[in-house]
Amino acid sequence: MTSVLQSLGYLREAAVFFAALVIGLATIALLRRLWVWDRGRDVGDGVRKLQTEPILRVGGIALFVVFLFACLVATGGAHPDKVSLLGWPFFLLGTTMFLLGFLDDLFGLPALVRLFVQIAVGVAAYLCEMRIDLISHPLGGGGIETGGFGLVLTVIWFVAIPNLINLVDGMDGLAGGIALFLSLTLATLGAFSGHTELLLLHVTLVGGIVAFLVFNLPPAKIYMGDGGAYLLGFVIAGSSLLTSNKGSIFGALLVVVIALGFPILDTALAMLRRGLTGLPVMRPDALHLHHRLLTLGFSKRNILFILYGVFAGLSLLGLSVFLSAGYTLPIVGMVATIAVIQTMRFVGLPHNLSEMKRVLRDIVTARTDVRYAYAMSLVLEHDLERVASADVFWENFRIFLGRLGITPRTGDPGETTTAERKVVILRIDDRTLWGLVCPRPEGSSRRWERVARCFLSAIMGARARWGRTLPASLGFIEVSDEAELSAIEASLRAEPALMAIQVAATGLSERVLPSES
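The structure reproduced in this document is the subject of the present report. This structure is a prediction, so every number in the text was calculated from the model and none was measured.

**Points about the pairing of strand β6 (residues 421-429)**
Phase 1: A large share of β6 lies buried, amounting to 7 of its 9 residues.
Phase 2: Bridge analysis of β6 against strand β7 (residues 432-439) gives 8 bridges, and the strand direction is antiparallel. Its bridge partner being in β7, R421 is matched across the sheet by P439.
Phase 3: Where β6 hands over to β7, the hairpin turn is made up of 2 residues, counted between the paired strands.

Here you go:
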């Protein structure tokens, strides 16, 4: 392998890129043709996963094949006078992470088992010299020895990065795009620092990721699954620590952290939102930043291109910090802060202190009802396997709504917005609306939207078991065309606004605002 790579000269990187591209495309084509088992196929749940047909989620196998090729290329391209840093430990630990995710894709491993194995991989990586043992000053001039605390930092690093890649894999092409730009960033870092192994490893991975994205861009034909996400996360985490110059480790870490700014922000906001609302912090939902862009009317492809631009910008900012020896760090920090504030404003998140105080007050006020609704939703999900018919299930559903003071909006006279009641319209998917009449909260609180979302998993479970038609008597409106749905939604949201004028004309001081989905 070494002689072949040396004979390629300046075409070496291009050759390994196209070789990895061909290997990835061929492996995925074989997987789609030969995989005949039901296990390893992802079925839509109607909440976060909106596909109508099962999609293969073992694309991580193709990424693992490319990873094998990348390890061979990187070790073969190492300088003959230097000790190879990408040895058996790197390969075996990467394989362990892939197998962990792959088994989870097939059989659904408990979260504690996955966490235990990831911690074990982090400890093993530390013992194999993939460690954070020196935090250098970004502007040069010495560093801080981490000592025993380096083991804790290393384990956190190897647990956090794979899980970040996995957590943002909620939209076609998103996790692959993040991994693509991170690999491009680390390849560039390897080229500028003279680290041939790092350069070849990530150029090869870029070829494999591009091959995967050919089949993963919307509408996706294959998913990487936990196996692919964990593998890519490990390679990014491990290779950023593999450098012969320990003083530059902090620079590599900083580049990765800056490039991962979007998933870090998205994950932090999601966990904070769930914790404050009273829901389990690891409970999946459809309120991530890319879901919010969908509700603003952007198509999946447009959202993907927007986010790819964000990833590219963050990667360039990270590289600027590394190449300038940290002197651009204050500028990068200022640009990142402004970008975060503008993004939060654009997607409707609180972006100033007064907005944050208002939203926090609304969340705390709704916390009791949200926790109660979530508990009832869990009961309904258990009822899916126990009740005799759909009629019994939906009657129980109506009773639970009544306990919260909610009645379905069925279009009968007298269901309009009043001083005491408010009509809430929630979009469930691109073909279904849900109308509810709820007690009026104070001000413009989205209290009942938060409560209603707790029932979405039970609703989709019922749809999956008894058919896609949801009962109109419970406020569900289903149409066959998304344009028609948007028109109905606009007219329903206009009703509360018209009633607000009538209420104001009678001298009432309350202001009625249309709810947001």
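**Re the environment of L265**
Phase 1: With respect to the helices and strands, the residue L265 is situated in helix α11 (residues 261-277).
Phase 2: Taking the C-alpha atoms as reference points, L265 and V340, 75 residues apart in sequence, are found 8.6 Å from one another.

**Let's talk about the packing of helix α15 (residues 353-383) against helix α16 (residues 390-403)**
Phase 1: Where α15 contacts α16, the axes come no closer than 11 Å and their chain directions differ by 170°. Here α16 runs roughly antiparallel to α15, going by the angle between their axes. Between α15 and α16, the residues in contact are Y372, M376, V379, L380 and D383 and F393, N396, F397, F400 and R403, respectively.
Phase 2: Split by residue class, the contact of α15 with α16 holds 7 nonpolar, 1 polar and 2 charged.

**Quick word on the pairing of β7**
Phase 1: When you tally the buried positions in β7, you get 7 out of 8 residues, the bulk of the element.
Phase 2: Both strand β5 (residues 407-408) and β7 contribute to a ladder of 2 bridges, which runs antiparallel. Residue P408 lies in a different strand from β7, and its bridge partner there is L436.
Phase 3: The pairing of β7 with strand β8 (residues 476-478) spans 3 bridges and is antiparallel. Residue pairing in the sheet places W434 in a bridge with F476 of β8.

**A closer look at the packing of aromatic side chains**
Phase 1: Across all of its chains, the model carries 21 aromatic pairs by this definition.
Phase 2: Ring centres 5.7 Å apart and planes at 75° place the aromatic pair W88 and F91 in the edge-to-face group. With W88 and F91 both in helix α4 (residues 88-107) and 3 residues apart, this pair spans about one turn of that helix.
Phase 3: Residue W88 is classed as exposed on the basis of its relative accessible area, which comes to 63%.
Phase 4: Their ring planes at 75° and their centres at 5.4 Å tell us that W394 and F397 sit as a pair that is edge-to-face. On the criterion of helical spacing, the pair formed by W394 and F397 is a turn pair, its members being 3 residues apart in helix α16. Here the two residues W394 and F397 agree in accessibility, since each one is buried.
Phase 5: Through a chain of ring-to-ring contacts, three or more aromatic side chains come together here, namely F64, F67, W88, F90, F91, F98, F102, F158 and F234.
Phase 6: A cation over an aromatic ring shows up here: R131 above the ring of Y126, its NZ or CZ 4.2 Å from the ring centre.

Rules behind the numbers
- Residues numbered from 1 in each chain as written.
- Predicted model: local features only at pLDDT ≥ 70, side-chain atom pairs only at ≥ 80, totals over all residues.
- Heavy atoms only, no water.
- Buried < 20%, exposed > 50% of the residue type's maximum accessible area, 1.4 Å probe, protein only.
- Helix = DSSP H or I, 4+ residues; strand = E, 2+ residues; numbered from the N terminus.
- Pairing = 2+ DSSP bridges.
- Axes fitted to C-alpha atoms, helices over the stretch in contact; angles between N-to-C directions.
- Parallel < 35°, antiparallel > 145°, perpendicular 65-115°, else oblique.
- Contact = heavy atoms within 4.5 Å.
- Nonpolar A, V, L, I, M, F, W, Y, C, P; charged D, E, K, R; others polar.
- Phe/Tyr/Trp six-rings, centres within 6.5 Å; stacked < 30°, edge-to-face > 60°.
- Lys NZ or Arg CZ within 6 Å of the ring centre and 35° of its normal.

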